[in-house]
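# Results of the structural survey
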Amino acid sequence: MREGKGGLPTCHAVLDRKSFYRVREPDELIASGVFDAEEYKMFRRAEDFLWAVRCHMHFVTARAEERLSFDIQREIAVRLGIRASGMRMSNAS
C-alpha cells in the first residue's frame, strides 16, 4: 500500500479490510457495524469522486499523474461540472 495520506489509498485500505470483518462485499460492512447506511453511501460517493478526479488528471496531463497540481485544478473542475461559488479558484486567470 502507498504511504500517502488520504485519497484513494485510504479508500482502498478500508475496503481491503473486508477479510478482517469477515465480509465478502463492501456493502456488508454496514451489517458488521463499520459503517451505517448513510456513512457507507457517503464513503462510496467520495470514492467515486476521487476516481473521477484521478482519471481526469490522467486525461488532462496525458500521463499517469498522481498529484493534483494547481495548474490542472481548474480544467478538472470544469470537466467535472464544478463551478466556483463565491470562492476564488487557484491559479485564477
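Under the counting rule described, the total for this entry stands at five salt bridges. Between Arg 67 and Glu 65 there is a salt bridge, with its nearest N and O atoms 3.1 Å apart. Judged by its relative accessible area of 60%, Arg 67 is exposed. What makes Glu 65 buried here is its relative accessible area of 7%. A cluster of three or more residues bridged by salt bridges with shared partners is formed by Arg 63, Glu 65 and Arg 67.

Right, let's get into the packing of helix H1 (residues 7–16) against helix H2 (residues 37–61). Following both chains from N to C, one finds H1 and H2 inclined at 140°, their axes separated by 9 Å at the closest point. On the basis of their axis angle, the class for H1 and H2 is oblique. Of the two possible hands of crossing, H1 and H2 adopt the one that is left-handed. Across the interface between the two elements, Gly 7, Leu 8, Cys 11, His 12, Val 14 and Leu 15 from H1 touch Phe 43, Arg 44, Glu 47, Leu 50, Trp 51 and Arg 54 from H2.

Take the environment of Asp 36 next. You can see Asp 36 is positioned in the loop between H1 and H2. Within polar-contact distance, the side chain of Asp 36 engages the backbone nitrogen of Glu 38 at 3.1 Å. At 2.7 Å, the side chain of Asp 36 and the backbone nitrogen of Glu 39 are in polar contact.

Moving on: the side chain of Glu 65. Turning to its location among the elements, Glu 65 is positioned in the loop between H2 and helix H3 (70–79). There is a polar contact of 3.0 Å between the side chain of Glu 65 and the backbone nitrogen of Arg 67. Beyond its immediate chain neighbours, meaning those up to four positions away, Glu 65 contacts Met 57 and His 58.

Procedures and definitions
Residues numbered from 1 in each chain as written. Predicted model: local features only at pLDDT ≥ 70, side-chain atom pairs only at ≥ 80, totals over all residues. Heavy atoms only, no water. Salt bridge = Lys/Arg side-chain N within 4 Å of Asp/Glu carboxyl O. Buried < 20%, exposed > 50% of the residue type's maximum accessible area, 1.4 Å probe, protein only. Axes fitted to C-alpha atoms, helices over the stretch in contact; angles between N-to-C directions. Helix = DSSP H or I, 4+ residues; strand = E, 2+ residues; numbered from the N terminus. Parallel < 35°, antiparallel > 145°, perpendicular 65-115°, else oblique. Left-handed = near helix turned anticlockwise from the far one by under 90°. Contact = heavy atoms within 4.5 Å. Polar contact = N/O pair within 3.5 Å; in protein donor to acceptor, adjacent residues only side chain to side chain.

None of this, on its own, says anything about what the molecule does.
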